[in-house]
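Now for the letters of each chain:
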Amino acid sequence: MKKSVVSFFAFAVLSSFALSGCGSEEIKIGTAAQNSKYVQFAEIMKNNLAKQDKYNLTILTSAGSVANVTMLNKDEIQLALAQNDVSSDAYHAVGFYKGGLPMNNFAAIASLYTESCHVVVGANSSIRKMSDLAGKKVSIGELHSGTEQNAKQILAVYGITGYKIKTFNFSYEDATSNLIKGNIDAMFVTGGVKMPVLVDLSKLYPIRLIPLDDNEIRDILSNHNFYTRMTIPSGSYNGQTEAVDTVGIKTLLVASRSMSNEDVEKITGNLFSNASSFSSIMPPGDEISEKNAVEGVAIPFHRGAVKYYHSKNIRVKAE
């Protein structure tokens, strides 16, 4: 990766907010846009850690997964939420990161839940299927976000690239505003079902989700190992009367390798001892558990997390 791009990532944090807590040791966690599932998850983590351990979690909003793994690699933050594919590509210097040095100054703590790829239009839009996006104005997520990567991969399967589409790198908030104003025709959002920004949008403005076609889903699954077939259940958003077929990708909690084994072991234990506290924001069918946390993770685990899992007789690959 070119140095100029890496430098951009390092400064991709858009804003930060420290929620008051009684912890004595500050740990920074990278999330995503403020009205996102990542921030919701980090807020619950912060409260759990403040109650049980010595840590005070400072929540940083950012462009998302790509920005987060870059900041982790530079030790600018200690924890992050990031998509499984982005984490693996950065760690192994493949895909989006091909040609650059491996970003391997971080390791996994746990797989948390599966994010779904949403394609959103106004309820009265003439867009009924993915192929209708050709020639349209579409927000594909912030520059260097996981959503942007997902959007480009999905659109490529449909042959909608280059001059065939006008794309914008809007934040979720800017995308929703522009969708309401009619400045764009559609927006991509990758996030857990009942994504807060879309829940809020659907209450203000009638929306509809565009399904992915079965043949294209199979193409995506065969070309990109990290995707899984997903269904967004009916009723997930206001006015959504039908289930929507799409693809999804796992979210990981990852840590800088500079974090001590003791700290990471305690944070891992805190995550699972408070698993039920996350139930209100988890996508349907997902739950926080030791078994789910080690499945499908494409990077090594932090040694502190490994120590925790071994105490539960669960074997995982260490960094």
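Residues numbered from 1 in each chain as written. Predicted model: local features only at pLDDT ≥ 70, side-chain atom pairs only at ≥ 80, totals over all residues. Heavy atoms only, no water.

Caption draft 1: Looking closely at the overall build of the protein. For the protein, the count of helices and strands is 11 helices and 11 strands. Projected onto its principal axes, the C-alpha coordinates of the protein cover approximately 55 × 40 × 35 Å. By the burial criterion, 56% of the 319 residues in the protein qualify as buried. Long-range contacts, defined here as pairs at least 24 residues apart, represent 75% of the contacts in the protein between residues at least 6 apart. Accessible surface, the protein as shown: approximately 13300 Å² in total, 48% of it carbon and sulfur. (Helix = DSSP H or I, 4+ residues; strand = E, 2+ residues; numbered from the N terminus. Buried < 20%, exposed > 50% of the residue type's maximum accessible area, 1.4 Å probe, protein only. Contact = heavy atoms within 4.5 Å. Areas by Shrake-Rupley, 256 points an atom, 1.4 Å probe, with all protein chains shown as cover.)

Caption draft 2: Representation of the nonpolar core within the structure. Membership of the largest hydrophobic core comes to 57 residues, with the highest contact counts inside it found for F41, M45, L79 and Y309. Excluding residues that lie within four positions of it along the chain, F41 makes contacts with L81, L112, Y113, L271, F278, I281 and I288. Judged by nonpolar contacts, the second largest core, of 23 residues, contains I154, Y158, I210 and V247. (Core = buried A, V, L, I, M, F, W, Y, C linked by side-chain atoms within 4.5 Å.)

Caption draft 3: Structural context of the packing of aromatic side chains. Under the definition given, this model contains 9 aromatic pairs. With a centroid separation of 5.9 Å and 85° between ring planes, the pair formed by Y91 and F106 is classed as edge-to-face. Here the residue Y91 occupies a position in helix α4 (residues 84-92), and F106 occupies one in strand β5 (residues 106-122), the gap between them amounting to 15 residues. The same class applies to Y91 and to F106, which are both buried. Aromatic pair Y308 and Y309: ring centres 5.7 Å apart, planes at 75°, arrangement edge-to-face. Neither residue differs from the other here; Y308 and Y309 are each classed as buried. (Phe/Tyr/Trp six-rings, centres within 6.5 Å; stacked < 30°, edge-to-face > 60°.)

Caption draft 4: Highlighting the confidence of the model for the protein. Model confidence for the protein is summarised by a mean pLDDT of 91, while 92% of its residues fall at 70 or above. Note that residues 1-23 has pLDDT below 50 and, in this model, 57 contacts with residues that lie over four places away or in other chains. (pLDDT = per-residue confidence, 0-100.)

Caption draft 5: Layout of the environment of N261. Its location among the elements puts N261 in helix α9 (residues 261-273). Using a relative accessible area of 38% as the deciding quantity, one classes N261 as partly exposed. Through-space distance from the C-alpha of N261 to that of A305 is 7.5 Å; in sequence the pair is 44 residues apart. When residues no more than four places from it in sequence are discounted, the contact partners of N261 are H302, R303 and G304.

Caption draft 6: Quick look at the packing of helix α2 (residues 37-52) against α9. Between α2 and α9, whose axes approach to 10 Å, the crossing angle comes to 105°. Here α2 lies roughly perpendicular to α9, going by the angle between them. Taking contact as the criterion, the partners of F41, M45, N48, L49 and Q52 in α2 are, on α9, I267, N270, L271 and S273. Here the contact of α2 with α9 is built from residues that sort into 5 nonpolar, 4 polar and no charged. (Axes fitted to C-alpha atoms, helices over the stretch in contact; angles between N-to-C directions. Parallel < 35°, antiparallel > 145°, perpendicular 65-115°, else oblique. Nonpolar A, V, L, I, M, F, W, Y, C, P; charged D, E, K, R; others polar.)

Caption draft 7: Main features of the side chain of S65. Relative to the assigned elements, S65 resides in helix α3 (residues 65-73). On the basis of relative accessible area, S65 is assigned to the buried category, the value being 2%. Those residues within four positions of S65 in sequence are excluded, and the remaining contacts are Y38, L81, A82, Q83, V86 and G146.

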